[in-house]
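Chain and residue survey
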Amino acid sequence: MEDFIPYNSLEVPEEQMLKKTQEYYDKINKRRSLRDFSDKPVEKEVIENIIKAASCAPSGANKQPWTFCAVSSPEVKKNIRIAAEKEEYEGYHGRMSEEWLDDLKPFGTDWNKPFLEKAPWLIVVFKQVYEIDEHGIRHNNYYVNESVGLASGFLLNAIHEAGLVALTHTPSPMNFLAKELKRPANERPYLLIPVGYPTDDAKVPNITRKPLNDIVEWY
């Protein structure tokens, strides 16, 4: 059994909780997925802190079954764009259902993905479906999709907190990412996330979030 240490609470005074939760909501409610990226550089240390924040997410049995590949190489970004656009083209021209394509129309998306080269960073999130120790022995990981999903949420929040923007991009299939980034056999691509600054004229779809009554049931 592992040792336990005291938990150091943030200790927010009760009278400040409502104010702090409202302020947090007001800030996170401004988060949007963006496709109009500037090529303005972002320091590597900023990306490091963002990834460290993501790694604070909970995970099954504390296995932390994730790998974050941070890509700034123009050559690698170009290769990823070419491969992603190939899959996206096939998706928009046969793989996707008519209902899916109709649901995407309000967002004006297509198979062209210039942001994969324009954004200064791509963070490719991989899930580790099992663990390989230093002796090459295979061990189970638990609740992998849930754990990596939580870490990805932490990642997006940290990106927003830094004043940057991101897009959760999921070209399907994504096996080309494992090949391009030479990832081991126990890793599977989970998300491809461009990260950077928005362009000065960036726009997002005029959409709204579901109201509270549509997303919560009180018991």
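Shown above is the structure to which this text applies.
Below, the structure is looked at part by part. Treat the numbers as computed from the prediction; the structure is a model and nothing was measured.

On to the overall build of the chain, then. Counting secondary structure elements, the chain contains 8 helices and 6 strands. Along the chain, helices and strands appear, N-terminal first, in the series α-α-β-α-α-α-β-β-β-α-β-α-β-α. Each of the three principal axes of the chain carries a C-alpha extent, and together these read 55 × 50 × 40 Å. Taking all 219 residues of the chain together, 35% fall into the buried category. Nonlocal contacts in the chain, meaning residues at least 24 apart in sequence, comprise 81% of its contacts between residues at least 6 apart. Charge separation in the chain, taken as the distance between the mean sites of 28 positive and 34 negative side-chain charges, equals 4 Å.

In a regular helix each residue adds 1.5 Å, so 18 residues correspond to 26 Å; helix α6 (residues 144-161) covers 26 Å between its end C-alpha atoms and thus fits that length. The set of residues buried in α6 consists of Val144, Ser147, Val148, Ala151, Ser152, Leu155, Leu156, Ala158, Ile159 and His160. Contacts from the buried residues of α6 go to α1 (14-28), α2 (44-54), β1 (66-71), β2 (121-128), β5 (165-166) and β6 (187-196). Just downstream of α6, glycine 163 is the residue with a positive phi angle, here 85°.

Relative to the helices and strands, asparagine 186 resides in the loop between α7 (175-180) and β6. The exposure class of asparagine 186 is buried, given its relative accessible area of 6%. In this view, asparagine 186 contacts Lys127, Gln128, Val129, Tyr130, Glu131 and Ile132; residues no more than four positions away in its chain are not counted.

The subject of this paragraph is the pairing of β6. For β6, the buried fraction is high: 8 of the 10 residues fall into the buried class. Judged from the 8 bridges that link them, β2 and β6 form a sheet pairing that is antiparallel. Pairing of isoleucine 123 across the sheet is with isoleucine 193, part of β6.

This part is about the pattern of salt bridges. If you walk through the whole model with that rule in mind, you get 11 salt bridges. For the salt bridge of lysine 105 with aspartate 102, the shortest nitrogen-to-oxygen distance reads 3.2 Å. Classification of lysine 105 by relative accessible area gives exposed; the value is 60%. Owing to a relative accessible area of 40%, aspartate 102 belongs among the partly exposed residues under this scheme. A network of salt bridges, in which partner residues are shared, links Lys86, Glu87, Glu90 and Arg95.

Attention shifts here to the packing of aromatic side chains. In this description, an aromatic ring pair is defined by two values, namely the gap between the centres and the angle between the planes. One pass over the full model with this rule turns up 2 aromatic pairs. An angle of 45° between the planes, with centres 6.4 Å apart, marks the rings of phenylalanine 37 and phenylalanine 115 as tilted. Of the two residues, phenylalanine 37 sits in the loop between α1 and α2 while phenylalanine 115 sits in helix α5 (residues 115-118), which places them 78 residues apart along the sequence. Here phenylalanine 37 falls in the buried class, since its relative accessible area comes to 3%. Measuring from centroid to centroid gives 5.2 Å for tyrosine 89 and tryptophan 111, while their planes differ by 85°, and the two rings are edge-to-face. Here tyrosine 89 is found in helix α3 (residues 74-95), whereas its partner tryptophan 111 is found in the loop between α4 (98-104) and α5, with 22 residues between them in sequence. Of the residues examined, tryptophan 111 reaches a relative accessible area of 28% and is grouped as partly exposed. When the ring centre of tyrosine 197 is taken as origin, the NZ or CZ atom of lysine 40, which lies over that ring, is 4.2 Å away. Seen from the ring of tyrosine 130, arginine 138 lies directly overhead, with NZ or CZ sitting 3.7 Å from the centre.

Glancing now at the packing of α2 against α6. One way to put it is that α2 packs onto α6 with a least axis distance of 7 Å and a crossing angle of 145°. With respect to the hand of their crossing, α2 and α6 are arranged in right-handed fashion. Residue-level contacts link Ile50, Ile51, Ala53 and Ala54 of α2 to Ala151, Phe154, Leu155, Ala158 and Ile159 of α6. Of the residues contributing to the contact of α2 with α6, the split by class is 9 nonpolar, no polar and no charged.

Calculation rules
- Residues numbered from 1 in each chain as written.
- Predicted model: local features only at pLDDT ≥ 70, side-chain atom pairs only at ≥ 80, totals over all residues.
- Heavy atoms only, no water.
- Helix = DSSP H or I, 4+ residues; strand = E, 2+ residues; numbered from the N terminus.
- Buried < 20%, exposed > 50% of the residue type's maximum accessible area, 1.4 Å probe, protein only.
- Contact = heavy atoms within 4.5 Å.
- Lys, Arg positive; Asp, Glu negative; His and termini not counted.
- Charge placed at Lys NZ, Arg CZ, Asp CG, Glu CD.
- Expected span 1.5 Å × (residues − 1).
- Pairing = 2+ DSSP bridges.
- Salt bridge = Lys/Arg side-chain N within 4 Å of Asp/Glu carboxyl O.
- Phe/Tyr/Trp six-rings, centres within 6.5 Å; stacked < 30°, edge-to-face > 60°.
- Lys NZ or Arg CZ within 6 Å of the ring centre and 35° of its normal.
- Axes fitted to C-alpha atoms, helices over the stretch in contact; angles between N-to-C directions.
- Left-handed = near helix turned anticlockwise from the far one by under 90°.
- Nonpolar A, V, L, I, M, F, W, Y, C, P; charged D, E, K, R; others polar.

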